[in-house]
Structure formats: C-alpha cells, structure tokens
Amino acid sequence: DGGITQSPKYLFRKEGQNVTLSCEQNLNHDAMYWYRQDPGQGLRLIYYSQIVNDFQKGDIAEGYSVSREKKESFPLTVTSAQKNPTAFYLCASSMVGSLGGYTFGSGTRLTVV
Amino acid sequence: GQQVMQIPQYQHVQEGEDFTTYCNSSTTLSNIQWYKQRPGGHPVFLIQLVKSGEVKKQKRLTFQFGEAKKNSSLHITATQTTDVGTYFCAGPSSGNTGKLIFGQGTTLQVKP
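Right, let's walk through the structure included here. Worth saying up front: this structure is predicted, and the values here are computed from it rather than measured. (Residues numbered from 1 in each chain as written. Chains lettered and ligands numbered in written order. Predicted model: local features only at pLDDT ≥ 70, side-chain atom pairs only at ≥ 80, totals over all residues. Heavy atoms only, no water.)

1. Considerations on the overall build of chain A
Helices and strands together make up the secondary structure of chain A, namely zero helices and 11 strands. Along chain A, from the amino end to the carboxyl end, the secondary structure elements read β-β-β-β-β-β-β-β-β-β-β. Taking 2.2 N^0.38 as the reference for a compact globule, 113 residues should give roughly 13 Å; the C-alpha atoms of chain A span a radius of gyration of 13 Å, in line with that estimate. Dimensions along the principal axes, computed over C-alpha positions, put chain A at roughly 35 × 25 × 20 Å. (Helix = DSSP H or I, 4+ residues; strand = E, 2+ residues; numbered from the N terminus. Rg over C-alpha atoms; globule rule 2.2 N^0.38 Å.)

Written out as structure tokens, the structure reads:
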C-alpha cells in the first residue's frame, strides 16, 4: 500500500540534544511538508520542499533543519536552538500544487525531558 | 498576510443534532480542501472543492464553496459519535508554492 511513514511514534529528548524525525513516502509525490501541532492548536508550517535538493522555510523554521536528498525522504532535525520543542510533528506529501490534497503521516510526539 | 479563518473553534452537540463549521479566506481561492483529525490521530483529506458555488455530499456531510470562492462550509446532518474530531479547511497559498494555508480548525464533541 502506498503511504507516508513517520518514525518514531514517540520521542523523548534531553535539553541540549538534537533529534531527527524520519518521514518516508512511497506515493511518488514531489512535494513534502513538515508541520508542528501544539495541544488544541492548528497546524503551523515548519519547512516544505517541492523538489529534490530544494526546500523553503515555513512560518516557524527557527530551530529546525531539513534535507531533501531523495524524493521519498524528508527528515526533520529539531536542534537545541528550538526552545520549546515539545509538540506533535506531522509530515505530509502531495502532488505539486497540492491538488488532490495532502497525505499526512501518523505523526511523531516529541517530549523534552 | 493571507489568512484562513474558521468558526466556531469548538462545538458541543447532542448526538443526532446537526453541525456546521464555516471557513473564510482573506483572498480568493482556486480551491478549498477539508480535513478531519480524530483525537490522537492525524489529519485525513476529506474533499476538495474547485468550482464557484460547488456543493458536494459525502453521506451525511455536505460541503459548499462560496460563489466568490472566499468562503466554504461543512455541514453534518444528524451527528454520530464517530463524527468527533477536529475539522480543518485549507486553501492554497498565493504565489503557486503548493503550500496550503490551514484554518485553526473546529473541534466537534458529540454527546451520546
């Protein structure tokens, strides 16, 4: 089955550590996105990529980094510069132009301990 | 900047009552999309509306796209406990970036 896979499902990070969240899709989608969701809140865009080896900052990119070396993969690194990283992180993919909608992964819940 | 706003933020209904959430954009949209996120889950694409004045139905759900393509609504007839969740509308960002601008969502609670 085609889909988008995020791992791990739960992640605990010590303050000062960098952590990388995985996102892999086999939908042959060109575009991929990372969103952050805080409890009871909407979706805030962190980074997005429309093509391999290219990506753009979203609304809340500070403290995060991404890479897009392969079409299928769009990992997100939460760096120690992100002061409040505890949140639910969602990866999504779509055809270029978002027609047909986004397919979301099941998310990663990151907690700073 | 471009904004998509949804009201209400929360809605509690008795099972069997109807429910409507409204979505308004600060700009004209080429299309509007709706997503549902169950508690503890991830958003799932429900539908996309493209034409001015378009109305689409999915069982008890009715989606409308306004004539001016700046507003939309989702109406659920005779709610069931399975309808619980947060409903998001989203429209394309201007500039052909492929990004979607999401509304803040309407969280629906259904009392059995």
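2. Some words on the state of the cysteines
Residues and elements named next belong to chain A. Under the definition given, this model contains two disulfides over all chains. What pairs with Cys-23 in a disulfide is Cys-91, and their sulfur atoms sit 1.9 Å apart. When the S-S torsion is -75°, as for the bridge of Cys-23 with Cys-91, the disulfide is left-handed. Placement of Cys-23 in strand 3 (residues 19-25) and of Cys-91 in strand 9 (residues 87-94) is noted, with a sequence separation of 68 residues between them. Accessibility expressed as a relative area gives 0% for Cys-23, which makes it buried. By relative accessible area, Cys-91 is classed as buried at 0%. (Disulfide = S-S within 2.5 Å. Buried < 20%, exposed > 50% of the residue type's maximum accessible area, 1.4 Å probe, protein only.)

3. A closer look at the packing of aromatic side chains
Going through the model one piece at a time under the given rule, you end up with 16 aromatic pairs over all chains. When the ring of Tyr-35 of chain A is compared with that of Phe-104 of chain A, the centres are 6.1 Å apart and the planes differ by 50°; the resulting orientation is tilted. Taken as a pair, Tyr-35 of chain A in strand 4 (residues 31-37) and Phe-104 of chain A in strand 10 (residues 103-104) lie far apart in primary sequence, 69 residues in all. In terms of burial, Tyr-35 of chain A and Phe-104 of chain A fall into one category: buried. Geometrically, the ring pair formed by Phe-104 of chain A and Tyr-35 of chain B is edge-to-face, given 5.9 Å between the ring centres and 90° between the ring planes. Here Phe-104 of chain A, found in strand 10, pairs with Tyr-35 of chain B, found in strand 4 (residues 32-37), and the two come from separate chains. Judged by relative accessible area, which is 5%, Phe-104 of chain A ranks as buried. Three or more aromatic residues joined by ring pairs make a cluster, and in this case those are Tyr-33, Tyr-35, Tyr-48, Tyr-102 and Phe-104 of chain A together with Tyr-35, Phe-45, Phe-88 and Phe-102 of chain B. (Phe/Tyr/Trp six-rings, centres within 6.5 Å; stacked < 30°, edge-to-face > 60°.)

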